[in-house]
Amino acid sequence: MSVDASTVPSRRARNFPLYRTVSRFVRDPLRELERIGAAADGEVARLDLGASRPYLVTHPDHVQQVLRRESQNFVRDGTFWRPLHGLFGDSIMSEGAEWELSKRVLQPVFSTRTIRSLSAHMARAINEAVAALDEPARAGRSIEVMPEMGRIVHDTVIKVLFGDKIRKAEADRLIPAMERLATSIAFRFLLPFVPRSIPLPGDRAFGEGLTVMDETLYELVDRFRYDPGEGYDIFTALCKARMTEGSGLDDHWVRDNLLAMWATSTETTTVALTWLWPMLDRRPDVAARLAAEIERVVGGDEVRPEHLRELPYVRQVVQELLRLYPVGWIFPRIALNPTDIGGVRVKAGQTVLISPFLTHRLASVWERPLEFDPERFSAERARGRHRYAYFPFGGGPHQCIGRHVFNAEAELILASILSRFRPVLEPTDVPVRARIGATLRPNQPLHMTLTPVLRSR
Ligand code: HEM
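Keep in mind that this is a model prediction, so the values were computed, not measured.

*Asks:* With reference to specific residues and values, describe the site of the ligand.
*Replies:* What surrounds the ligand is a group of 25 residues, the closest being Arg-76, Trp-99, Arg-333, His-398 and Cys-400. Contact distances for the ligand include 2.6 Å between an oxygen atom and a side-chain N or O atom of Arg-333. No other element matches the four residues that helix α13 (residues 251-282) contributes to the shell around the ligand.

*Asks:* A description of the coordination of the iron atom of the ligand should follow, citing residues and the corresponding values.
*Replies:* When a metal carries six donors in an octahedron, the ideal angles between them are 90 or 180 degrees, while four donors in a tetrahedron ideally lie at 109.5 degrees. Just one protein atom coordinates the iron atom of the ligand, and that atom is Cys-400 (SG), at 2.3 Å. Position of Cys-400 among the secondary structure elements: in the loop between α18 (379-382) and α19 (403-420).

*Asks:* Pulling in residues and values, what's your account of the pattern of salt bridges?
*Replies:* A complete count under the given rule lists 31 salt bridges for this structure. One salt bridge connects Glu-32 with Arg-35, and the closest N-O pair in it is separated by 2.8 Å. One end of the pair, Glu-32, and the other, Arg-35, are both in helix α2 (residues 29-40), three residues apart, so they sit about a helical turn from each other. Here Arg-315 and Glu-411 are joined by a salt bridge, their closest N and O atoms 2.5 Å apart. Placement of the pair is Arg-315 in helix α16 (residues 312-324) and Glu-411 in helix α19, with a sequence separation of 96 residues. When its relative accessible area of 36% is taken as the criterion, Arg-315 is described as partly exposed. Residue classification places Glu-411 among the buried positions, given a relative accessible area of 2%.

*Asks:* Tell me about the environment of Val-318, and please be specific about residues and values.
*Replies:* By secondary structure assignment, the location of Val-318 is in helix α16. Among the residues examined, Val-318 registers a relative accessible area of 3% and is labelled buried. Sequence separation of Val-318 and Phe-110 is 208 residues, and the distance between their C-alpha atoms is 20 Å. In contact with Val-318, other than residues within four places in its own chain, are Phe-406, Asn-407, Ala-410, Glu-411 and Leu-414.

*Asks:* Got a sec to walk through the pairing of strand β2 (residues 45-48)? Specific residues and values, please.
*Replies:* The alternating pattern of β2 places Ala-45 and Leu-47 on one face and Arg-46 and Asp-48 on the opposite face, and all of these are buried. Relative to β2, strand β1 (residues 14-17) is paired through four bridges, and the arrangement is parallel. Residue pairing for β2: Arg-14 is matched across the bridge by Ala-45. Hairpin connection between β2 and strand β3 (residues 55-57): a loop of six residues separates the two successive antiparallel strands, and Gly-50 in this loop has a positive phi of roughly 85°.

Cut-offs used in this document
- Residues numbered from 1 in each chain as written.
- Predicted model: local features only at pLDDT ≥ 70, side-chain atom pairs only at ≥ 80, totals over all residues.
- Heavy atoms only, no water.
- Near = heavy atom within 4 Å.
- Polar contact = N/O pair within 3.5 Å; in protein donor to acceptor, adjacent residues only side chain to side chain.
- Helix = DSSP H or I, 4+ residues; strand = E, 2+ residues; numbered from the N terminus.
- Donors = N, O, S within 2.8 Å, 3.2 Å for Na, K, Ca; no water.
- Salt bridge = Lys/Arg side-chain N within 4 Å of Asp/Glu carboxyl O.
- Buried < 20%, exposed > 50% of the residue type's maximum accessible area, 1.4 Å probe, protein only.
- Contact = heavy atoms within 4.5 Å.
- Pairing = 2+ DSSP bridges.

Below, the structure is given as structure tokens:
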């Protein structure tokens, strides 16, 4: 199904005066945005926050216009990017010449060939990290889902980022510090127009997390600055680029990119994998089909990258997971020059919000959008779908550089866990909902028990 995006010149965007429903918005901002997304149903909407009035763009045609066709005109700048720019500096998360330079250095690390070699390293780290769940599983002790997914993801991402160059003590320091940054940035993210001089909740925790990150990352840069050696990892690529004569790159640039890559790769993957278990809990038929595919292909072996080719249903489950929970759920752009979106005039300097979360839930684009149904991604049903009906990784020049790493990592983790265990989620008192922040975390801790899979050998 698709919606008609035919445009009428210079129509006014439907206005949603959020400042009037501020208590509802503060209580549950995501539900309020969902309500607006559904009411606008693909038309350009205007969120009136009082101090700022961004446009909300959800129709696949309009998303394509902003992210791809007019990507030169819609840049990552303005108040919404300020908290992130303060964190990531002039890295791949910036815009213009700084972004281009970092992208040129990092792109080769994400080539198909390097990812193949990365996947083998990731698979080893994943099998080892998942094996640590044997102990609580045998003891019949439940695990808390998000910290455990976080542990497995961090052990894996450490390999992608640093290869063998990081010490265990350093990794152990970085992990909780990143966690603090990810959770404490929420208010700055929601209220980007509030100046730094006005303190917001989370500011102090954010500052503390950042200090630990900085100390650890600069220590690493210090150790390898002049002799990065060989390696397939991101850190080696950054250090080598820094050493190139005349590159003009410095320690800050290496740190900014390390932090950017660390932040974009760990929090997103951990949160996405945490949502998997409540989804499977709701659909035992999907869980059973998934387990059967993994049993047939992986059986009692350690999971390896070669298995992934033979696990199409695992891939579909991960795709559907990112449809309902695209953890990079909203991102803004600023118009450099005036333009029209869906007949609505957008002036230079105005902000446009893009939200895969809302587009992925449009009833005019997706049948039964709130239902978890991996069959949507079967080759047959995906055929002919608008390229921007589904864009968990964004699109155009800023499309997520780590999407293939994520896919391989998530599929390997899923296959590794389900080849060993049958997880059962513990019931929660209230339904699990997403909580707004830099990503979309569940609003309460989730626990599950793991029953070891018994096989006769
Ligand atoms: C669930 C997993 C992930 C999701 C949903 C996700 C989502 C996104 C989205 C939506 C963007 C586009 C932002 C924009 O257009 O402004 C993006 C960019 C980016 N992502 Fe991811 N990402 C994920 C995992 C990863 C991983 C694993 C890595 C690294 C290994 C990574 C690294 C990056 C980087 C560096 C960018 C900036 C690219 C650029 O501007 O050129 N991401 N991601």
